[in-house]
Amino acid sequence: MSEPRHLLSRLRTLRAHGSAPLSALVRLVASELVSEVCSVYVQRPGDILELTATEGLRPDAIGQTRLRVGEGIVGLCAATGSVMNLPDAQNHPAFAYRPETGEEPFASLLSVPVRRSGRTLGVLVVQNRTPRNFTEAEVDDLETVAMLVAEMLSGSGAIDGSPEGLAATVPRLFAGASLMAGIAVGPIVLLRSTGPVVRLLAEDPRAEQVRLEQAVDRMQRGLDDLFAEVPNTGRAADVSASREVLEAYRLVASDAGWLRRVGDVIRGGTTAEAAVQRVATELHDRMRRISDPYLRERLADMEDLANRLLTALTGEAPRKTVPDGAILLARRLGPAELLDWHARGIAGVAIEEASPSGHAAILARALGIPAIGSLRGILDSAEQGDHAVVDADDGQFILRPETAVREAYIRAREARSAKYAELATWRDRPAVTADGIELKLMLNVGLSLELPQLARTGADGIGLFRTEIAMLARGSVADVAEQAAIYARVLDEAGDKPVLFRTLDLGADKLLPGTVVEEENPAMGWRSLRVGLDRPALLRRQLRALLLAAGGRHLSVMFPMVATVTEFRAAKGLLQAEAKRVRPAPETLRIGTMLEVPSLMWQLPELVKEADFISIGSNDLLQFLFAADRGTPSLYDRYDFLSQPMLDLVEQLVAAAGAASVPVSVCGEVASRPLEALVLAALGVTTLSMPASGILPIKAMFAQVDLRSFRSVLAAIRRGGGFGLRESIATWAREQAIVN
Ligand code: PEP
Ligand code: MG
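Note that the coordinates shown come from a computational prediction; the quantities given were computed from them, not determined experimentally. One numbering rule holds for all chains: residues counted from 1, following each sequence as written. Chain labels run from A onward and ligand labels from 1 onward, assigned in the order the entries are written. Note on the predicted model: pLDDT of at least 70 is required for a residue's local features to be given, and 80 or more for side-chain atom pairs to be given and counted; whole-chain, interface and lining totals, by contrast, use all residues. The side-chain numbers reported here are obtained from all heavy atoms of the structure, hydrogens and water having been left aside.

> Before we move on, can you summarise the site of ligand 1 with the specific residues and values?
If a single non-hydrogen atom of a residue is within 4 Å of a molecule or strand, that residue counts as near it. The full set close to ligand 1 counts 14 residues, and Arg 466, Arg 502, Gly 617, Asn 619 and Arg 630 are the nearest of them. Side-chain polar atom of Glu 596 to an oxygen atom of ligand 1: 2.9 Å apart, as the coordinates give it. In this structure, Asn 619 approaches ligand 1 through a main-chain N or O atom, which is 2.8 Å from an oxygen atom. Within the complex, the protein chains bury 98% of what would otherwise be the 290 Å² of accessible surface of ligand 1. Strands are runs of DSSP state E lasting at least two residues, helices are runs of H or I lasting at least four, and both sets are numbered from the N terminus onward. For the shell around ligand 1, the secondary structure elements donating two or more residues are β16 (462-466) and α21 (618-625). Ranked by residues supplied to the shell around ligand 1, first place goes to α21 with three residues. Class assignment for the residues of the shell around ligand 1 results in three nonpolar, four polar and seven charged. Here a polar contact means two N or O atoms within 3.5 Å. Within protein one must be a hydrogen donor candidate and the other an acceptor candidate, and residues neighboring in sequence count only if both atoms are side-chain atoms. With residues, only the protein chains shown are counted as cover, and all accessible areas are computed by Shrake-Rupley using a 1.4 Å probe. Following the grouping adopted for this structure description, the nonpolar residues are Ala, Val, Leu, Ile, Met, Phe, Trp, Tyr, Cys and Pro, the charged ones are Asp, Glu, Lys and Arg, and the polar ones are all others, Gly among them.

Structure, rendered in structure tokens:
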């Protein structure tokens, strides 16, 4: 291939002659990149990709060859947003043969998505007769050309506008995930991505680098001012949560890695703006492929920073206030951006791509803004000024609600604030059923910013401290001293309340940056305690840190993903050995296991002799019991915790552990769901550990339950056998007015 600068300068010349047609562009790219074929497929309504320009394929295929998004290699490239670099494309399983193109002679293929503002506009492809892998430099060049194609397509109107068209006055309901409970009703403010970069190619990379550095400086100063505005008053938890998220953000802002990447792109001949936008697109693509929520957050922070940097490069717009009760709609939203909008007075937020554990969600909770995420397509459906309802209690977003619906929500919003005040009164009361059975409701946490939730919810302790989360947030496993400081802070904050630390549960979807997983089934692969036992130095360091943090206090440690008693003994042995070396020794040392792998159920007689306590990790246990990946959304509702196999399992466990006086708790998500919590308590599991949002509602629910009566009801329902346990239990609970 030719020198990249040469290609770019030819493209520059081409553009300088007015609106260069795509046909001229594909001709130029084919000749410069020494490829026999260069084609552009443009995305049409209905998720169709149409061959719109080609050099090298049969010209009469233009406008004829059409593929669905997801179909063929081109469709796959558009669907996944990934580069496809194939030496032998025709033997790729996704290859879709289109005889009219005459593409039989071409073996190798490189395709890159054409994207703008997070939207796929089409696909750019080059093909060669010789089977070969395209080099990294070649991929880079084609990606730069794809940026130019994106600008040409959006500038020429070659792509169609809003698919909504005339439907823009009809109410629409979207289901999403609640990020911060609450209701907001008001006019919409649309946060569209930064406008198109006008100038793509630059003559003088050095001048662009200087512009970049100046803009970085301006952006950093702007952040300092913005963070200074974070409220210092209000609930301690709010202040602490927002501070911590923003500190993490600041670390990302000063991270040299991504700025260096921008510099590299500038050296390839683009303007600073185009380079930043290119890096932002790359980050977005990486985000789409990463499932770990914490890593996604770090990338989202970088993406947010890239947008701020673009604004710093193009000149800042003054801050404007928003209409009363305004609801912000965004494709994605970083923590600094949310702060900006909070200062302008928004009352609710709806985000297309955001998860409950994300930074935007944490900050929304800290600022008390009702927020909802995972709302596909809202941005393309809404117009500036449309009215909407954010119903984050039920995870719904209603666009253009009927007046009656809107008024009902306004009433619900008022009733809700009264109910919230009432729920808060449960904080200082013990968790006890109507017939006097005491329960322990504990918290699941993983970052120190969540610790204030202990006081806020009145939880009885921390039933699961996920130690790997802090390591994922910092990007690597901390050394002994730093780990000890983290754990000591947890114990300090918990005071007299118990804390159960879980050792590192890395692997599967919780991967540190740079980890390459080549397993077919990582959830069942080399993860969690398996890594700890194979790399005992790593596990020992963590155990030492925990012992140091305890510094003579009580210490409870549990191991995740234990599949055999032998593994548990080995891990326990490491901890006991370490405990002999660390002074002062903990006042008590309790060593327990998670029950996440069903095989432990057939080792109970031995297990209960070894373990001081057992905690059921229902998230993994469900996935392994039913062989159903917990990360696959379509399987989400298919297998139920309230089913005979699961209830039999819990009952047998409680009986075996009870006979040996080994306490059993549950620390999966099910503990925060009313019906599941009720059933668990009826089966004898009276310690439930859950996310903070569950504590007060579950406490209030138990106060209304006569647990002894429910035990007989449950026994009768289970004797009835069959499926549908949930429905029978729910009916009883509704009749008793325990749930709605
Ligand atoms: C579980 O599996 O239920 C659990 C609590 O662990 P995690 O969700 O962290 O895998
Ligand atoms: Mg687990």
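> With reference to specific residues and values, describe the packing of aromatic side chains.
Pairs were defined over the aromatic rings of Phe, Tyr and Trp, the Trp ring being its six-membered one, requiring ring centres within 6.5 Å. Orientation was assigned from the angle between planes: stacked under 30 degrees, edge-to-face over 60, tilted for the rest. This model, assessed by the stated rule, comprises six aromatic pairs. Look at Phe 559 and Phe 568: their rings are 6.2 Å apart centre to centre, the planes differ by 70°, and that puts the pair in the edge-to-face class. Considered together, Phe 559 and Phe 568 belong to a single accessibility category, that of buried residues. Judged by centre distance (5.0 Å) and plane angle (20°), the ring pair of Phe 626 and Tyr 639 falls under stacked. Placement of Phe 626 in the loop between α21 and α22 (644-659) and of Tyr 639 in the loop between α21 and α22 is noted, with a sequence separation of 13 residues between them. In textbook terms, an aromatic cluster arises when at least three aromatic residues are bridged by ring pairs, as seen for Phe 465, Tyr 487 and Phe 501. Above the face of the Trp 341 ring, Arg 344 is positioned so that its terminal group lies 4.0 Å from the ring centre. Working rule: Lys NZ or Arg CZ, within 6 Å of ring centre, within 35 degrees of ring normal, means a charge sits over the ring. Its guanidinium or amino end placed over the ring of Trp 426, Arg 429 lies 4.0 Å from that ring's centre, counting from NZ or CZ. A 1.4 Å probe rolled over the protein chains alone gives each residue an accessible area, and that area as a share of the maximum for its type sets the label: buried under 20%, exposed over 50%, partly exposed in between.

> Before we move on, can you summarise the pattern of salt bridges with the specific residues and values?
Each salt bridge in this description consists of a side-chain nitrogen of Lys or Arg and a carboxyl oxygen of Asp or Glu lying within 4 Å of one another. For the structure shown, the criterion picks out 35 salt bridges. Between Asp 428 and Arg 427 there is a salt bridge, with the nearest N and O atoms lying 3.2 Å from each other. Residue classification places Asp 428 among the exposed positions, given a relative accessible area of 61%. Assessed through its relative accessible area of 34%, Arg 427 is described here as partly exposed. The closest approach of N and O atoms between Asp 505 and Arg 502, which form a salt bridge, is 3.4 Å.

> Got a sec to walk through the nonpolar core? Specific residues and values, please.
For this analysis, a nonpolar core means a set of buried residues of the types Ala, Val, Leu, Ile, Met, Phe, Trp, Tyr and Cys, connected via side-chain atoms within 4.5 Å. Residues Phe 501, Phe 559, Ile 614, Leu 688, Phe 702, Phe 710 and Ile 729 are the most contacted members of the largest nonpolar core, which totals 100 residues. Residues contacting Ile 729, with those up to four places away along its chain left out, are Leu 642, Leu 675, Val 679, Phe 710, Leu 714 and Ile 717. Among the nonpolar cores identified, the runner-up in size contains 56 residues, and Val 189, Met 219, Leu 339 and Ala 354 belong to it. Contacts are assigned to residue pairs that have any heavy atoms within 4.5 Å of one another.

> Kindly report on the coordination of the magnesium ion (ligand 2), identifying the contributing residues and their values.
Six octahedrally arranged donors around a metal ideally form angles of 90 or 180 degrees; four tetrahedrally arranged donors ideally form angles of 109.5 degrees. A 2.8 Å cut-off from the metal defines N, O and S donors, relaxed to 3.2 Å for Na, K and Ca; water is not in the atom list, so some sites may appear incomplete. Protein coordination at the magnesium ion (ligand 2) comes from Glu 596 (OE) and Asp 620 (OD), with a distance range of 2.0 to 2.1 Å. Residue Glu 596 is located in the loop between β19 (589-595) and α20 (604-610), and its partner Asp 620 is located in helix α21; the two are separated by 24 residues in the primary sequence. Of the two residues, Glu 596 and Asp 620, neither departs from the other in class, the shared state being buried.

> Explain empty space enclosed by the protein residue by residue, including any values.
Within this scheme a cavity is a closed region of a 1 Å grid, computed over the protein atoms alone, that accommodates a 1.4 Å probe without allowing it to escape, whereas a pocket is open but has protein on both sides within 12 Å along at least five of seven lines; lining residues each have an atom within 4 Å of a point. Grid points are joined across faces, edges and corners, and a volume is the space filled by probe spheres set on the points. If you walk through the whole model with that rule in mind, you get one cavity of 30 Å³ or more. Elements supplying a minimum of two residues to the lining of the largest cavity: α3 (72-80) and β6 (119-128). The element contributing the most residues to the lining of the largest cavity is α3, with three residues. Among the residues making up the lining of the largest cavity, the classes are represented as eight nonpolar, three polar and two charged.

Shape descriptors only; they carry no functional weight alone.
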